[in-house]
Amino acid sequence: MITVKDTVHDHIEIDGVAADLLDTPAVQRLRHVKQLGTVQLVYPSANHTRFEHSLGVYHLASRALDHLGIDGVQADRIEAAAMLHDVGHGPFSHNLEALTHRRTGKYHDDVDELLATGAVGEVLRDHGLDPERIAGLVAGEGTYGQLVSGELDVDRMDYLVRDAYHTGVPYGTIDTERFVRELTFTTLADGADDVDGDANGGDGSFDDRSGDGPTLVLDEGNVQTAESLLLARALMNPVVYTHPVARISKAMLRRAASDLLDSTATTASALRRMDDHDFLAAIRDCPATADLSRRYDERDLYKRAVWAEHGDVPDRVRDASHEGEVAIEREIAAAAGVDRDHVLVDVPPEPTMRESTARVTVNGEVRRLERQSPLVSALRTAQRNQWRFGVYAPEPATDRVGRAAADVLGLDPDALVTEVRQAMPTTLDEF
């Protein structure tokens, strides 16, 4: 058994297949992939990595298994999946995932090949585990995949608390001990959202690979427990995950990654297996990305030329494909009389709240949280109000690019006057 001192969960005890996976290259690589990507440019202490997060997810998964009474080979599978759930991440975590997916067709949880080969595959097979089945759990497949990747998964339980701790932001605090203690599996009637159900301790008597097994829910009296997860994510989102500086720096690194692939022999598959240091070294050495690399290294970031609310942005812009965003950048650059490299368009995805579909038990019935909690509607409204469309440019060109963007995209100048025309800084409390 290995004991690790963790900043969030205190002492984590690791044994079995998870202990043997710990020192495989695929897991050790996560020491060099930051959990929050570029958020350290906002919160200097946010330097925690996917490695320590993986330990935390393993720890919470083990606690949940103890509570649910799941042991034996089924527990080994879930603990292995928890330890390996992030090995598919590329450099700077989610930041480059859309780019690599466009070119490889793979997301970070598409890990079949990674788990089947090399040291990880050897460890899994030595413990009598099928790598393909573990990969399915990582992707959230089957009954027990819900524990690793689902609405009530141990992944988000760890990252919310860990991100709050390392940024110093108090909003991500949730009671992880209560969460894992109140989880249970319930068999739902076909096609029903709100039904009576019998708790299932998860003894493995059903085929957990199918989508027809028991559903992971929070036991009776835990509506507020589920709401706390929802609230923590909603509060962390604008303050940490979509902070303007983080978004600008991420957009700059996305452009650098795209230019690196277009101007060198580097492939998207190779990019996926880089860690943060590999990627930064690659863009420093590439003439096409040297300026963006210097700007990132020196925190000489682009500034906001447009920072527009959801209702002020035309549908054609919000719904634009990647190719459409590139065309918009070129059109704005031409109208502003600047190089296309000096215009970055940043269209965030439409607001979503996956946690709202989590199921809770109320008066013996299993109900979706969104149908039980009045908070869901309010938080969805808040998410929409926090959504911002960004156009970024080097500081000397921000006013010119902002004016051009407003004209090209048909944005209401009155809605942008304080943020574009006068280039005034904005703060969260203004939103």
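Since we're looking at a predicted model, the values are computed, not measured. Counting of residues starts from 1 at the beginning of each chain's written sequence and follows it residue by residue. The predicted nature of this model means local features are confined to residues of pLDDT at least 70 and side-chain atom pairs, given and counted, to a pLDDT of 80 or more, with totals for whole chains, interfaces and linings taken over all residues. Side-chain measures were taken over the full set of non-hydrogen atoms in the model, leaving aside hydrogen atoms and water.

**Overview of the side chain of Asn95**
Moving on, step 1. Looking at the element boundaries, Asn95 is found in the loop between helix H4 (72–84) and helix H5 (97–104).
Moving on, step 2. The class of Asn95 is buried, set by a relative accessible area of 7%.
Moving on, step 3. Should any heavy atoms of two residues lie within 4.5 Å, those residues are counted as being in contact. Asn95 has contacts with Lys250, Leu253 and Arg254, leaving out every residue within four places of it along the chain. To qualify as a helix, a DSSP run of H or I must reach at least 4 residues; to qualify as a strand, a run of E must reach at least 2; elements of each kind are numbered from the N terminus. Only protein chains enter the accessibility calculation, which uses a 1.4 Å probe; a residue whose area is less than 20% of its type maximum is buried, one above 50% is exposed, and one in between is partly exposed.

**A look at the packing of aromatic side chains**
Moving on, step 1. Paired rings are identified among Phe, Tyr and Trp, the last through its six-membered ring, by centres lying within 6.5 Å, and are further divided according to the angle between planes into stacked (under 30 degrees), edge-to-face (over 60) and tilted (the rest). All told, the structure shown has five aromatic pairs when counted by the stated rule.
Moving on, step 2. A centroid spacing of 6.2 Å and a plane angle of 75° characterise the contact between Phe92 and Phe279, whose relative ring orientation is edge-to-face. Of this pair, Phe92 sits in the loop between H4 and H5 while Phe279 sits in helix H15 (residues 276–285); the two residues are 187 residues apart in sequence, bridging distant segments of the chain.
Moving on, step 3. Owing to a relative accessible area of 3%, Phe92 belongs among the buried residues under this scheme.

**Remarks on helix H20 (residues 375–386)**
Moving on, step 1. Look at H20: 16 Å from first C-alpha to last across 12 residues, which is about the 16 Å you get at 1.5 Å a residue.
Moving on, step 2. If you follow the buried residues of H20, they end up packed against helix H12 (223–241) and helix H19 (369–372). For a helix, the expected span equals 1.5 Å multiplied by the residue count minus one.

**Focus: the pairing of strand E6 (residues 215–218)**
Looking down a regular strand, the side chains alternate between one sheet face and the other.
Moving on, step 1. Residues of E6 alternate between two faces, with Thr215 and Val217 on one and Leu216 and Leu218 on the opposite face, all of them buried.
Moving on, step 2. Bridge analysis of strand E3 (residues 183–186) against E6 gives four bridges, and the strand direction is antiparallel. Looking at E6, one finds that Thr186 is bridged to Thr215. In this scheme, strands are said to pair when DSSP sees at least two bridges between them.

**Topic: the packing of helix H10 (residues 154–167) against H12**
Moving on, step 1. Fitting a line to C-alpha atoms yields each axis, with helices limited to the stretch in contact; the angle taken between N-to-C directions then spans 0 to 180 degrees. Relative orientation of the contacting elements H10 and H12 amounts to 45°, with a least axis distance of 11 Å. Judged by the inter-axis angle, H10 sits oblique to H12. Between H10 and H12 lies a crossing of left-handed hand. Across the interface between the two elements, Arg156, Tyr159, Leu160, Asp163, Ala164 and Thr167 of H10 pack against Leu229, Ala232, Arg233, Met236, Val240 and Tyr241 of H12.
Moving on, step 2. All residues other than Ala, Val, Leu, Ile, Met, Phe, Trp, Tyr, Cys, Pro, Asp, Glu, Lys and Arg, Gly among them, are scored as polar; the first ten of these are nonpolar and the last four charged. Across the contact of H10 with H12, the residue classes tally to eight nonpolar, one polar and three charged. An angle below 35 degrees is treated as roughly parallel, one above 145 as roughly antiparallel, one from 65 to 115 as roughly perpendicular, and anything else as oblique. Left-handed describes a crossing whose near helix is turned anticlockwise from the far helix through less than a right angle; right-handed describes the clockwise counterpart.

**As for H10**
Moving on, step 1. The end-to-end C-alpha separation of H10 is 20 Å, in line with the 20 Å expected for 14 residues at 1.5 Å each.
Moving on, step 2. Across the 14 residues of H10, 13 count as buried, placing the element largely inside the fold.
Moving on, step 3. Distance and chemistry together define a polar contact, namely a pair of N or O atoms within 3.5 Å, with one atom able to donate a hydrogen and the other to accept it when in protein, and with adjacent residues in sequence counting only for side-chain atoms on both sides. Its side-chain oxygen placed 3.3 Å from the backbone nitrogen of Asp155, Asp153 serves as the N-cap of H10.
Moving on, step 4. Downstream of H10 by one or two residues, Gly168 has phi in the positive range, about 80°.

Don't take any of this as a statement about function, it's just geometry.
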